[in-house]
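An overview of the molecular structure
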Amino acid sequence: MAPFLRSCQPVLTLGIRPAMGDYSEEELRLLRQADRVFFPSARFVTLFQAIDKPTFPSAASYLYRRSRLHQQILLKVLAIPHGKSRICFGPRQKERIRDELRLPVEVMAPETLPGRVHLADDWAKALSYAALYNPVIVREALPVRDCVRLTLVRFRCIGAARGAYAPNGITGLTPLKTDDPSLVELVSENEKLTLAVGLDDIAIDWGLVDDTWQVLQFTRPPLRIETPGHTLHRHDYICSLIEAGAV
């Protein structure tokens, strides 16, 4: 539906409209009969999910890259290392974080919007940030020795980069080979994780704390993925999968 695959021959692009009622009867028929709907947008993906119409990206991909709240719940349920954190609702729960976490802390909005992660090294500042959001996620900010971003499409890692950790995302990314010996285990675990959860278009930021890799965040995958030697255009790569019948 979105225009990202307009140049991909097997795909008919309809474009994103304000509402389903803005599509003609013929266009709605095409959507109903399609084997898969590509890039339906967060606006419509839950509708297709409700009628069991396959989409790419999946509903899970849209959900987890947009919601830190759902990310935290997923990480806790699957027992994936992610740093000590609390989800707080209301003033009383927010006050209790002083007894449960150690400074410094990162105070995060439930949505993955730019500028919504705040580093606080005293409780007055932490509570003032926490008052901005409800619910709020508060995580202990431990020293991160290494940072890696992995980009995965259809449960395969197609890009890796190392950078410096900052509360609102990794900075100064330098491309790595996805088969770099230091990443083999991490890449394998990420491919298993994305397959298990159905995350078919996602980037995952990892930080090395002490000797343990921890998830920092799920995020939107980049359009252009720098690799040693060349740049991979994600939409062109997805088109190649479509042409090969792999998606």
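Structure's up top.
Residues numbered from 1 in each chain as written. Predicted model: local features only at pLDDT ≥ 70, side-chain atom pairs only at ≥ 80, totals over all residues. Heavy atoms only, no water.

As a further point, take the overall build of the protein chain. The number of helices and strands found in the protein chain is eight helices and 13 strands. In terms of overall size, the protein chain behaves like a compact globule, its C-alpha atoms giving a radius of gyration of 20 Å where 247 residues would be expected to give roughly 18 Å. Along the first, second and third principal axes, the C-alpha set of the protein chain runs to 60 × 45 × 25 Å. For the protein chain, the residues scored as buried account for 50% of the 247 residues in total. When contacts within the protein chain are restricted to residue pairs at least 6 apart in sequence, long-range pairs at least 24 apart make up 56% of them. (Helix = DSSP H or I, 4+ residues; strand = E, 2+ residues; numbered from the N terminus. Rg over C-alpha atoms; globule rule 2.2 N^0.38 Å. Buried < 20%, exposed > 50% of the residue type's maximum accessible area, 1.4 Å probe, protein only. Contact = heavy atoms within 4.5 Å.)

This paragraph deals with the packing of aromatic side chains. Two aromatic rings, taken as a pair, are described by how far apart their centres are and by the angle between their planes. Tallied over the full model, the rule gives four aromatic pairs. A centroid spacing of 6.4 Å and a plane angle of 70° characterise the contact between Tyr23 and Phe44, whose relative ring orientation is edge-to-face. Taken together, the positions of Tyr23 in the segment before helix H1 (25-33) and Phe44 in helix H2 (residues 41-50) put the pair 21 residues apart, joining distant regions of the chain. Residue Tyr23 shares its accessibility class with Phe44, and that shared class is buried. Ring geometry for Phe38 and Phe56: centres 6.4 Å apart, planes at 55°, overall tilted. Of this pair, Phe38 sits in strand S1 (residues 37-38) while Phe56 sits in strand S2 (residues 55-56), and the two are 18 residues apart along the sequence. Each member of the pair, Phe38 as well as Phe56, is classed as buried. One aromatic cluster is present, built from ring pairs that chain together Phe4, Phe38, Phe39 and Phe56. Seen from the ring of Phe44, Arg43 lies directly overhead, with NZ or CZ sitting 5.8 Å from the centre. (Phe/Tyr/Trp six-rings, centres within 6.5 Å; stacked < 30°, edge-to-face > 60°. Lys NZ or Arg CZ within 6 Å of the ring centre and 35° of its normal.)

Closest axis-to-axis distance for the H2/helix H3 (residues 59-66) pair is 9 Å, and the angle between their directions is 135°. Taken as axis vectors, H2 and H3 run oblique relative to one another. As H2 runs across H3, the sense of the crossing is left-handed. Seen from H2, the contacting residues are Ser41, Ala42, Val45 and Gln49; seen from H3, they are Ala59, Tyr62 and Arg66. Broken down by class, the residue content of the contact of H2 with H3 amounts to four nonpolar, two polar and one charged. (Axes fitted to C-alpha atoms, helices over the stretch in contact; angles between N-to-C directions. Parallel < 35°, antiparallel > 145°, perpendicular 65-115°, else oblique. Left-handed = near helix turned anticlockwise from the far one by under 90°. Nonpolar A, V, L, I, M, F, W, Y, C, P; charged D, E, K, R; others polar.)

So, on to the nonpolar core. A general feature of soluble globular proteins is that nonpolar side chains tend to end up buried together. In terms of nonpolar packing, the biggest core is built from 22 residues, with Leu150, Leu183, Leu199, Ile204, Val215 and Phe218 touching the most fellow members. The contact partners of Phe218, leaving out residues within four places of it in the chain, are Tyr64, Arg65, Gln71, Leu74, Leu75, Leu193, Leu199, Ile202, Ala203 and Ile204. Leu5, Ile225, Cys239 and Ile242 belong to the second-largest nonpolar core, a separate cluster that totals 20 residues. (Core = buried A, V, L, I, M, F, W, Y, C linked by side-chain atoms within 4.5 Å.)

Let us look at the sheet that holds strand S9 (residues 171-176). Pairing in this open sheet of five strands is antiparallel, and the strands run S9-S8-S7-S10-S11 from one edge to the other. In this open sheet, the two strands that pair with only one neighbour each are S9 and strand S11 (212-219). The average undirected angle you get between the axes of adjacent strands in this sheet is 30°. In the sheet, strand S7 (residues 146-153) pairs with strand S10 (residues 201-209) via eight bridges, with the strands oriented antiparallel. Pairing of Leu150 across the sheet is with Ile204, part of S10. Here helix H8 (residues 234-243) sits on the sheet in contact with S7, strand S8 (156-164) and S10, set at roughly 40° to S7. (Pairing = 2+ DSSP bridges.)

On to helix H4 (residues 68-78). Within H4, burial applies to Arg68, Leu69, Gln71, Gln72, Leu74 and Leu75. Positive backbone phi, at 55°, marks Ala79, one or two positions downstream of H4.

What follows deals with the pairing of strand S6 (residues 136-140). Residues in a regular strand project their side chains so that they alternate between the two faces of the sheet. S6 sits mainly inside the fold: five of its five residues count as buried. When strand S3 (residues 85-88) meets S6, the two strands line up antiparallel, connected through four bridges. Looking at the pairing, Arg86 lines up with Val138 of S6. Of the strand pairs in this sheet, strand S4 (residues 105-108) and S6 are connected by four bridges, and their pairing is antiparallel.

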